[in-house]
Amino acid sequence: MLIAFDLLNIYYLPQYSPIIKQLKERGHKIQLVGYSSKNDVDSCNEILSQFDEEVIWVKDEKAAADLYQKNKPDWVFFGNKFDYLDEVHQYSKTAQLGHGIGPKPSYYHKSSTPMTVRFIEGSLRLEKIKHLYPNDNFVQVGFSKLDPIINGEEPGLDFVKLGLDPNKPTLLYAPTFNPSSLECFPDNWPQGFPEYNILIKAHSITLTRDQYTKQRAKLARWADFDNVYVAGNNELSLLPFMQNADILISEASSTLFEFAALDRPVIVCNFFKLKWSYRGIFKYRFHKRFGKDNVLYSDIGAHINDYKALRECVTQQLAHPEQYHAQRLQYTTDHVGPNDGKASERIVDYLETH
């Protein structure tokens, strides 16, 4: 079979990677289709070269649709909705696979354009999406992105090479770009945690979009501390950082679900900076976009209401990592799904039998 992966955003890759590996092992052909209007071609080509697969660049969705009609792949994977499905379905089947399991209503609404199949993670999400779209085809498989770390295939980071101390406990701070707690953290916050390694993995959009220059300035200041490593733009995958971390700190990122699935403690920041179009009289826009699902993280782990509470919370959670064990298991069942390292196998099995 020929399988195309639609890379509207380059940060979809960590979700696709284990599936691509499975497909290659079974002898199938792969095409990676990038969008030059949404991604930096040169830096992305450097990242994509690791796959040793055909890479094709298109300008936009219409150009992608024309490409799929011309090349006629057996399957096309999409990480979001696609406006030209009727054209693509003349020759190909389509699969939707979200790049994250976040709290935004867009997780569900991207199914408003029905594909041949959408692969779903947890049982609670499957139940809800079936209710919203009763006539569409959803198959629960789990979360393919986690397969390498669950299967022991993720080597993690080389702390010595990065100038960190392998004997220290390690904090992972993984803020999203909006709403983000990043700008609420002090410029010198690593100074208050000298006995820890601090890994910082910001969202790819923080690192690439012009409107997030202030967030990047914060990251640059933190990178100067000896106990800190800040991920670069080409480090797309969170898995190496998760592999080495003892605890995760975030606010509204689906990273919270992923790390909890490893049964390690998470700290949820209840504080974040909203962009101007979500503040004041425009706050209704924030509630409309994030909806009631924004409280999904209510009991996944410890919550803090401001930065000043972070140090005490880190100390307490690392001393008692079992505190939210039962909740993490439930969240994994509900949102991440089967956590056996075989999600990508199930996906490829489905493609081959359909």
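Up top is the structure.
Residues numbered from 1 in each chain as written. Predicted model: local features only at pLDDT ≥ 70, side-chain atom pairs only at ≥ 80, totals over all residues. Heavy atoms only, no water.

1. What to know about the overall build of the protein chain
For the protein chain, the helix and strand inventory stands at 16 helices and 13 strands. Whereas a compact globule of 354 residues would reach a radius of gyration of roughly 20 Å, the protein chain reaches 20 Å, a difference of no more than 12%. Judged by the C-alpha coordinates and their principal axes, the protein chain covers about 60 × 45 × 40 Å. Among the 354 residues that make up the protein chain, the fraction classed as buried is 55%. Restricting to contacts in the protein chain with at least 6 residues of sequence separation, those with at least 24 account for 67%. By element, 49% of the accessible surface of the protein chain is carried by carbon and sulfur atoms, the whole surface being about 15,500 Å². Charged side chains in the protein chain number 40 positive and 44 negative. The centres of these two groups are separated by 7 Å. (Helix = DSSP H or I, 4+ residues; strand = E, 2+ residues; numbered from the N terminus. Rg over C-alpha atoms; globule rule 2.2 N^0.38 Å. Buried < 20%, exposed > 50% of the residue type's maximum accessible area, 1.4 Å probe, protein only. Contact = heavy atoms within 4.5 Å. Areas by Shrake-Rupley, 256 points an atom, 1.4 Å probe, with all protein chains shown as cover. Lys, Arg positive; Asp, Glu negative; His and termini not counted. Charge placed at Lys NZ, Arg CZ, Asp CG, Glu CD.)

2. Side note on the packing of aromatic side chains
Inspection of every chain in the model, using the stated rule, returns 26 aromatic pairs. Look at phenylalanine 78 and phenylalanine 82: their rings are 4.5 Å apart centre to centre, the planes differ by 35 degrees, and that puts the pair in the tilted class. You'll find phenylalanine 78 and phenylalanine 82 in the same group, each marked buried. Centroid distance tyrosine 173 to tryptophan 189: 5.9 Å. Interplanar angle 80 degrees. Geometry classified as edge-to-face. (Phe/Tyr/Trp six-rings, centres within 6.5 Å; stacked < 30°, edge-to-face > 60°.)

3. A short note on the nonpolar core
By size, the foremost hydrophobic cluster in this structure holds 48 residues, and its most contacted members are Phe5, Tyr68, Phe77, Phe82 and Phe119. In terms of residue count, the dominant contributor to this core is helix H1 (residues 13-25) (five residues). Tyr133, Leu164, Ala174 and Val268 belong to the second-largest nonpolar core, a separate cluster that totals 37 residues. (Core = buried A, V, L, I, M, F, W, Y, C linked by side-chain atoms within 4.5 Å.)

4. A look at the layout of surface pockets
Reported here for the largest pocket is a volume of approximately 940 Å³. Lining the largest pocket are 42 residues; nearest its centre among them are Tyr11, His99, Lys104, Phe177 and His203. Elements supplying a minimum of two residues to the lining of the largest pocket: H1, helix H5 (106-109), helix H9 (204-208) and helix H12 (255-260). Considering every element that reaches the lining of the largest pocket, the biggest residue donor is H5, with three residues. For the lining of the largest pocket, the residue count by class is 16 nonpolar, 16 polar and ten charged. (1 Å grid on protein atoms, 1.4 Å probe; cavity = no way out; pocket = protein on both sides within 12 Å on 5 of 7 lines; lining within 4 Å. Points joined across faces, edges and corners; volume = space filled by probe spheres on them. Nonpolar A, V, L, I, M, F, W, Y, C, P; charged D, E, K, R; others polar.)

5. Here's the deal with helix H16 (residues 343-353)
Listing the buried residues of H16 in full gives Ala343, Ser344, Ile347, Val348, Tyr350 and Leu351. Seen end-on, H16 carries its buried residues on one side only, within an arc spanning 155 degrees. (Arc of directions from axis to C-beta.)

6. Looking at the pairing of strand S11 (residues 247-250)
The side-chain alternation of S11 yields two buried faces, one formed by Ile247 and Ile249 and the other by Leu248 and Ser250. Bridge count for strand S8 (residues 170-173) against S11 is three bridges, and the pairing is parallel. Counted as the bridge partner of tyrosine 173 is isoleucine 249 from S11. Note: S11 against strand S12 (residues 266-269), three bridges, orientation parallel. Bridge pairing links serine 250 to valine 268 in S12. Between the parallel elements S11 and S12, the chain passes through H12 in a crossover that is right-handed. (Pairing = 2+ DSSP bridges. Right-handed = clockwise from strand over helix to strand, strands pointing away.)

7. Brief notes about the environment of tryptophan 57
Residue placement: tryptophan 57 occurs in strand S3 (residues 54-58). Along the sequence, tryptophan 57 and leucine 2 sit 55 residues apart, while their C-alpha atoms lie 17 Å from each other. Ignoring sequence-local partners within four residues, the contact set of tryptophan 57 consists of Gly34, Tyr35, Ser36, Asn39, Val41, Cys44, Asn45 and Leu48. Polar side-chain contacts of tryptophan 57 include one of 2.9 Å to the side chain of asparagine 45. (Polar contact = N/O pair within 3.5 Å; in protein donor to acceptor, adjacent residues only side chain to side chain.)

8. What to know about helix H3 (residues 61-71)
Every buried residue of H3 is listed here: Glu61, Ala64, Ala65, Leu67 and Tyr68. The buried residues of H3 all sit within an arc of 160 degrees when viewed along its axis, so they share a single face. Lysine 72 sits one or two residues past H3 and shows a positive phi near 50 degrees.

9. Description of the environment of lysine 130
In this structure, lysine 130 sits in helix H6 (residues 123-132). A relative accessible area of 43% places lysine 130 in the partly exposed class. Through-space distance from the C-alpha of lysine 130 to that of tyrosine 108 is 9.9 Å; in sequence the pair is 22 residues apart.

10. What to know about the pattern of salt bridges
Evaluation of the coordinates by the stated rule reveals twelve salt bridges. Across the salt bridge formed by glutamate 352 and arginine 26, the nearest N and O atoms sit 2.8 Å from each other. Here glutamate 352 is found in helix H16, whereas its partner arginine 26 is found in the loop between H1 and strand S2 (29-35), with 326 residues between them in sequence. Among the residues examined, glutamate 352 registers a relative accessible area of 38% and is labelled partly exposed. Taken together, the shared-partner salt bridges connect Arg26, Asp349 and Glu352 into one network. (Salt bridge = Lys/Arg side-chain N within 4 Å of Asp/Glu carboxyl O.)

11. Details of the state of the cysteines
Applying the stated criterion across every chain yields a total of zero disulfides. Residue cysteine 313 stays outside any disulfide, its sulfur separated by 8.9 Å from that of cysteine 269, the closest cysteine. Among the residues examined, cysteine 313 registers a relative accessible area of 10% and is labelled buried. (Disulfide = S-S within 2.5 Å.)

12. Some thoughts on the pairing of S3
Judged from the five bridges that link them, S2 and S3 form a sheet pairing that is parallel. Its bridge partner being in S3, glutamine 31 is matched across the sheet by glutamate 54. Between the parallel elements S2 and S3, the chain passes through helix H2 (residues 41-48) in a crossover that is right-handed.

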